[in-house]
Amino acid sequence: MSLHIRRAGALDCGAMCDLLNEIISIGGTTALTSPLSRDDLQNWMAQNATRSAWHLAEDSTGQVLGFQWIAPHPDLPADACDIATFVRVGATGLGIGSKLFDASCEAARALGYTWINATIRADNAGGLAYYQS
């Protein structure tokens, strides 16, 4: 599988929203429980735009396979950011999250963060394994 990681932008929000809403509808791996709109994601992306970074993974056809963002969080110190990762249903375990994390780590350093916080549901075994690795 060919995998390309790049910065995500406003025009990617529709595809990212579709991917995320499928995960939300299945349940059990995200704290999000209501579907999101493209505008919701665009608004999240615009919040703290100078202190956040959004990346997406796509295959050779341009299909979005996953995305990840880092951003400040009000409950964290200024040198820490929060992270969220979403991978297409059926595409987990293929290294998509690892490639996204490499890009997010580089962006975190460039933004001045010294550590990344991940908050994972206790019943999200896949998410716990991913972030522990």
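Our structure's up above, just so we're on the same page.
An account of the accompanying structure is given in this report.

Here is what the cut-offs are and how they apply
Residues numbered from 1 in each chain as written. Predicted model: local features only at pLDDT ≥ 70, side-chain atom pairs only at ≥ 80, totals over all residues. Heavy atoms only, no water. Buried < 20%, exposed > 50% of the residue type's maximum accessible area, 1.4 Å probe, protein only. Helix = DSSP H or I, 4+ residues; strand = E, 2+ residues; numbered from the N terminus. Pairing = 2+ DSSP bridges. Axes fitted to C-alpha atoms, helices over the stretch in contact; angles between N-to-C directions. Contact = heavy atoms within 4.5 Å.

**Things to note about the pairing of strand β2 (residues 53–58)**
Now for step 1: Counting buried positions along β2 gives 6 out of 6 residues, so the element sits mostly inside the fold.
Now for step 2: Both faces of β2 are covered, namely the face carrying A53, H55 and A57 and the face carrying W54, L56 and E58.
Now for step 3: As judged from the 4 bridges shared by strand β1 (residues 4–7) and β2, these two strands associate in the antiparallel manner. Directly across from R7, in β2, lies its bridge partner H55.

**Considering the sheet that holds β2**
Now for step 1: An order of β1-β2-β3-β4-β5 is seen for the 5 strands of this open sheet, with the pairing classed as mixed. Each end of this open sheet is capped by a strand with a single partner; those strands are β1 and β5 (115–117). Pairwise comparison of adjacent strand axes, ignoring direction, gives a mean angle of 25° for this sheet.
Now for step 2: For strand β4 (residues 80–87) and β5, the ladder comprises 3 bridges, and the chain directions are parallel. Bridging across to β5, D82 finds its partner in N117.
Now for step 3: Each of β2, β3 (64–71) and β4 touches helix α1 (residues 13–26); the most contacted strand, β3, lies at about 95° to it.

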